[in-house]
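# Reading the structure
Spelled out, the chains give:
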Protein chains: 2
Amino acid sequence: MLELPAGKLDKGETLENCAIRELEEEIGYRANKLTFLTNIHPAIGFANENMWLYLAEDLEKTEPILDNDEFIELIPKKLEDAIDMVWSGEITDVKTIIGLLWAERLLKKNR
Amino acid sequence: MLELPAGKLDKGETLENCAIRELEEEIGYRANKLTFLTNIHPAIGFANENMWLYLAEDLEKTEPILDNDEFIELIPKKLEDAIDMVWSGEITDVKTIIGLLWAERLLKKNR
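Predicted model only: the values in this text are computed from it and were never measured. (Residues numbered from 1 in each chain as written. Chains lettered and ligands numbered in written order. Predicted model: local features only at pLDDT ≥ 70, side-chain atom pairs only at ≥ 80, totals over all residues. Heavy atoms only, no water.)

### Considering the nonpolar core
By size, the foremost hydrophobic cluster in this structure holds 36 residues, and its most contacted members are Val86(A), Ile98(A), Leu101(A), Val86(B), Ile98(B) and Leu101(B). Secondary-structure elements contributing two or more residues to this core are strand E1 (29-40), strand E2 (51-61), helix H2 (79-87) and helix H3 (94-110) of chain A together with strand E1 (29-40), strand E2 (51-61), helix H2 (79-87) and helix H3 (94-110) of chain B. Each residue touching Ile98(A), except ones within four places of it in the same chain, is listed here: Thr38(A), Ile40(A), Leu53(A), Val94(B), Ile97(B) and Ile98(B). (Core = buried A, V, L, I, M, F, W, Y, C linked by side-chain atoms within 4.5 Å. Buried < 20%, exposed > 50% of the residue type's maximum accessible area, 1.4 Å probe, protein only. Helix = DSSP H or I, 4+ residues; strand = E, 2+ residues; numbered from the N terminus. Contact = heavy atoms within 4.5 Å.)

If you want it as structure tokens, here you go:
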């Protein structure tokens, strides 16, 4: 399953700190700029899950620190290629689809 | 929560029949044209849920037949207005966000 870096809030942690921490743990880059994209509800039929999506920019290389139960293969992509993978149906994870489309829209606007 | 019509597959039911049945039960219109949009995974962190999204067109008025446990208020929208509600963050349900963006893209292409 192809998905954007993501994870659960630690107790008392802010949304921004969680996003920065999970990104660094999973891909080994620290984000110096974080932009809120949107809030989504992935599973309204059977769960109260709430997700907040951020665009991470100005990345600085550190080291990934995976949890013992995480097995991740990093597949870096240009945004435009990732967007193609959304529309081709190759990416089916909802937070990844929405995060990529939202980031594309925001970056186009700001250009 | 604002969401597109949706529901669970009955045993042995095809995806298309389920889409047509749920649409009719929930909004009281029978779709004479159904176009597959995409397949999504809403909750990969904790569930195997799989969803298939369709665009329903050529609608014919019948009657909504709600399950006893369904309380639905219909809020008909023009597609362009619904898309605005996606980008404004008013619609947060993932199947609804993705279904609307996909339908918009498909209809633009076919224009």
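### Looking at the packing of aromatic side chains
For the coordinates displayed, the defined rule picks out four aromatic pairs over all chains. Ring centres of Trp102(A) and Trp87(B) lie 4.7 Å apart, and the angle between their planes is 65°; on these two criteria the pair is classed as edge-to-face. One end of the pair, Trp102(A), is in helix H3; the other, Trp87(B), is in helix H2, on a second chain. Judged by relative accessible area, Trp102(A) falls into the buried class, the value being 8%. Lying over the aromatic face of Tyr29(A), Lys61(A) brings its terminal NZ or CZ to 4.8 Å of the ring centre. (Phe/Tyr/Trp six-rings, centres within 6.5 Å; stacked < 30°, edge-to-face > 60°. Lys NZ or Arg CZ within 6 Å of the ring centre and 35° of its normal.)

### Details of the confidence of the model for chain A
With 97% of its residues at a pLDDT of at least 70, chain A reaches an overall mean of 92. Predicted complex metrics record ipTM = 0.90 and pTM = 0.92. (pLDDT = per-residue confidence, 0-100.)

### So, the interface of chain B and chain A
Contacts between the two partners involve 24 residues from chain B, matched on the other side by 24 residues from chain A. Summing the contributions of chain B and of chain A, the shared interface buries around 2,100 Å²; its carbon and sulfur component is 73%. Along the contact surface separating chain B from chain A lie zero salt bridges. For the side of chain B that touches chain A, the secondary-structure elements that each account for two or more residues are E1, H2 and H3 of chain B. When grouped by side-chain class, the residues that make up the side of chain B that touches chain A number 14 nonpolar, five polar and five charged. (Buried area = accessible area lost by both parts, 1.4 Å probe. Salt bridge = Lys/Arg side-chain N within 4 Å of Asp/Glu carboxyl O. Nonpolar A, V, L, I, M, F, W, Y, C, P; charged D, E, K, R; others polar.)

### Some details on the relation of the copies chain B and chain A
Overlay of chain B on chain A (RMSD 0.0 Å): rotation 180°, translation along the axis 0.0 Å. What the superposition gives is, in effect, a two-fold axis relating one chain to the other. The rotation axis passes nearest to the C-alpha of Pro42(B) in chain B, at a distance of 2.6 Å. The overlap is high: 100% of the interface residues of chain B also sit at the interface in chain A, so the same surface is used on both sides. (Least-squares fit on C-alpha atoms with pLDDT ≥ 70 in both.)

### Examining the pattern of salt bridges
Residues and elements named next belong to chain B. In total, this model carries 18 salt bridges over all chains according to the counting rule given. Linking Lys95 and Asp93 is a salt bridge whose minimum nitrogen-to-oxygen distance equals 2.9 Å. Accessibility assignment for this pair places Lys95 and Asp93 in one class, buried.

### Here we look at the side chain of Glu26(B)
All names here are of chain B. Mapping Glu26 onto the fold places it in helix H1 (residues 15-27). Looking at Glu26, its side chain comes within polar contact range of the main-chain nitrogen of Ala6, at 3.2 Å. Sequence-distant contacts of Glu26, defined by excluding residues within four places in its chain, comprise Pro5, Ala6, Pro64, Leu66, Glu70, Ile72 and Leu74. (Polar contact = N/O pair within 3.5 Å; in protein donor to acceptor, adjacent residues only side chain to side chain.)

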